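The residues making up each chain are set out below.
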2 protein chains.
Amino acid sequence: MRPIGVFDSGVGGLTVVRALRRRLPAEAVLYLGDTARLPYGTKSPETVARYTQRNVDLLLERGVKGVVVACNTASAVALPRLASPVPVWGVIEPGARRAAAASAGRVGVVGTESTIRSDAYGEALRRLRPGLEVASEACPLFVPLVEEGWLDDPVTERVAERYLAPLVARGIDTLVLGCTHYPLLAPLLTRLLGPGVGLVDSGEAVAEQLAGDLARAGLLASGRRGEDHFLVTDAAERFGQLAGRILGGAVSLELVEVI
Amino acid sequence: MRPIGVFDSGVGGLTVVRALRRRLPAEAVLYLGDTARLPYGTKSPETVARYTQRNVDLLLERGVKGVVVACNTASAVALPRLASPVPVWGVIEPGARRAAAASAGRVGVVGTESTIRSDAYGEALRRLRPGLEVASEACPLFVPLVEEGWLDDPVTERVAERYLAPLVARGIDTLVLGCTHYPLLAPLLTRLLGPGVGLVDSGEAVAEQLAGDLARAGLLASGRRGEDHFLVTDAAERFGQLAGRILGGAVSLELVEVI
C-alpha cells in the first residue's frame, strides 16, 4: 500500500496527479513540488539533474514504490543519470509513444526552453517512428500565464497564436503538450488549432503506462484508496490555491526544506 | 580600489549596474546573479532571506567594499535581517525617497507578488511623507515578458494596460518601478500612462545614494576604471545574451556554484 511518488518543479505536475487519479483511482500519491527552485525550464541540465536526484531521494526516504518525474524538463535532461532502487517513469517516452501512434505524419512539440533545446521529444519520436516530421517551439510565457490564472484569456490567446504560428505553417496534425502546465491551456489551444489537430497530454500517457507496469509487477494498490499527500519546498499558500483549482478541492500540504 | 558588489536574483539588476556606470563611472562592479534560484518574487520571505544572506557572503568573500541589494524582493523582505561588515544598500528606500519628493500626492507602485505583498514601498512612502496616497499592483508577467525580450510589443502592452488600469483609475501622478526588470519597459509604460505620470527607477535612485554615501565615507574610486565582473549561479549563456542587450556590449561571465 505504498504511495506512488510524483515529482515536479511546481504545481504543473498536478495535471499528472489528476490523470493518475482518473486512471488508477485506488492508488495514493505522495507529491513533491520543488517550488523553492522553480522554474526548471530555464536552468542548465547539470543544475536540473542535481535538483532532480535530491527530490527523488526525498521521495524514496518517504517509502514510495515508484517515482513519476512529472516535470518534462527533468524528464528530458535528468532521467538518464538518475539513481533509484524503485522504478522511475518520465513523461517524455509515454508522450512520444502516444503521439507517434496517433499522428498522420506531422507532429508539433511545445515545451519550455530547456525541454525544446534538449530535443528529447524529437529524438524519441524519430526513434519510435522514423520518417515522422517533427517541429518544436519553446513557449516560455505559457507557464507564467498559467500561474497567473489567465487560462482562457485574450492575452494568452495572442501569445499562443504567436508561438503556434510556425507549427501551423508546418501543417502539424498532432501537438504534444510537453510541459505539465500546458494541459490547463488545452481548451484554448484546441480552439486555436481547430479539430484537425489532436493534443497529446503526456500526463495521461504516463498514467496509462503506470497502469500496465504496476499490474505486471504486482504492485497495484487494491481496496480503499489512501490519502494523497503533498510536499512543497516553499510558499505553500500559493501552491494550495493553484492546486485547488487543478484538482478541484483542498489538498493537504506539508512544507519541507531542501538544501 | 575594491569593487562595489551588486546582487540580484537574475539579469534584472543589470539595470542598476547601468545606472551605477552612468553616475559613478570610476567604480568597478562585481555582480552576482543568482540565476539558479530565480525568481525570488514568488518565494517566501524566509527563503528569500536565506538566499540573500548566502549571496552577500559570497560577494564579501571576494572583497567588495559595499553591497547593493538590487533585487526589490530581497530588499523588501531580507534587508532588515542581513548581517554584513560592509555597508549594504537596498533599492526600496532610495526609490521611495525619490518618489515621495517628486509626487504631487498620488504614487503608484508596481512590483513582483512578494514585493507588493510586503508593502515595503507603501510603508517607506507613508513614513517619508504622511498623507501620501499609495496604490500598489503586482505584475507577475512583466519579468517573463522582459526575459522573453518582448519589450515593446502589443502583447506586453495589453498585459500592462490590465495591470495599470486600477492605478490609472486612482489618478496616480508618479509610478515607482519596483522591480529591476521594469526599467526595460519604461518606454512602453510612458506611452501608456502619458506625460502626466513620472516614472521612478529605483536603480537610478540607489546610484545617487551611493555617490553621496561613498564620498562621505572616503570610499570613492579614483583614477582609471576597473573592469566589471559578473558571477552567475546557472545558465551563463542565457544571462550573457540578456546582459549584452541591457549593458550594450559583451560581459565577462563566471559560473559559481551555490548550495
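Please refer to the structure placed before this passage.
Residues numbered from 1 in each chain as written. Chains lettered and ligands numbered in written order. Predicted model: local features only at pLDDT ≥ 70, side-chain atom pairs only at ≥ 80, totals over all residues. Heavy atoms only, no water.

1. Remarks on the sheet that holds strand β5 (residues 106–111) of chain A
Residues and elements named next belong to chain A. Taken in spatial order, the four strands make up an open sheet running β6-β5-β7-β8, and their pairing is parallel. Strands at the two margins of the open sheet, each flanked by one partner only, are β6 (133–138) and β8 (198–201). Between one strand and the next, the sheet's axes are offset by a mean angle of 25°, whatever the strand orientation. Examined bridge by bridge, β5 and strand β7 (residues 174–178) share five bridges and lie parallel to one another. Among the inter-strand pairings, G108 is bridged to a residue of β7, identified as L175. Contacts from helix α10 (residues 202–216) reach β7 and β8 within the one sheet, and its direction differs from that of β8 by about 55°. (Pairing = 2+ DSSP bridges. Helix = DSSP H or I, 4+ residues; strand = E, 2+ residues; numbered from the N terminus. Axes fitted to C-alpha atoms, helices over the stretch in contact; angles between N-to-C directions. Contact = heavy atoms within 4.5 Å.)

2. Some points on the pairing of strand β9 (residues 229–232) of chain B
Residues and elements named next belong to chain B. As paired strands, strand β2 (residues 29–33) and β9 are joined by four bridges and run parallel to one another. Paired with L32 across the two strands is L231, which belongs to β9. Here β9 pairs with strand β10 (residues 253–255) via three bridges, running parallel. Paired with L231 across the two strands is E254, which belongs to β10. Viewed along the sheet, the connection from β9 through helix α11 (residues 236–247) into β10 turns out right-handed. (Right-handed = clockwise from strand over helix to strand, strands pointing away.)

3. Quick notes on the sheet that holds β10(B)
Residues and elements named next belong to chain B. In space, the six strands of this open sheet follow the order β4-β3-β1-β2-β9-β10, with parallel pairing throughout. Taken across any chain shown, the strands that pair with only one partner, and hence form the sheet edges, are β4 (88–90) and β10. Strand-to-strand twist across the sheet, computed as the mean angle between neighbouring axes with direction ignored, equals 20°. Where strand β1 (residues 4–8) meets strand β3 (residues 66–69), four bridges bridge the pair, whose relative direction is parallel. In the strand pairing of β3, I4 is matched with G66.

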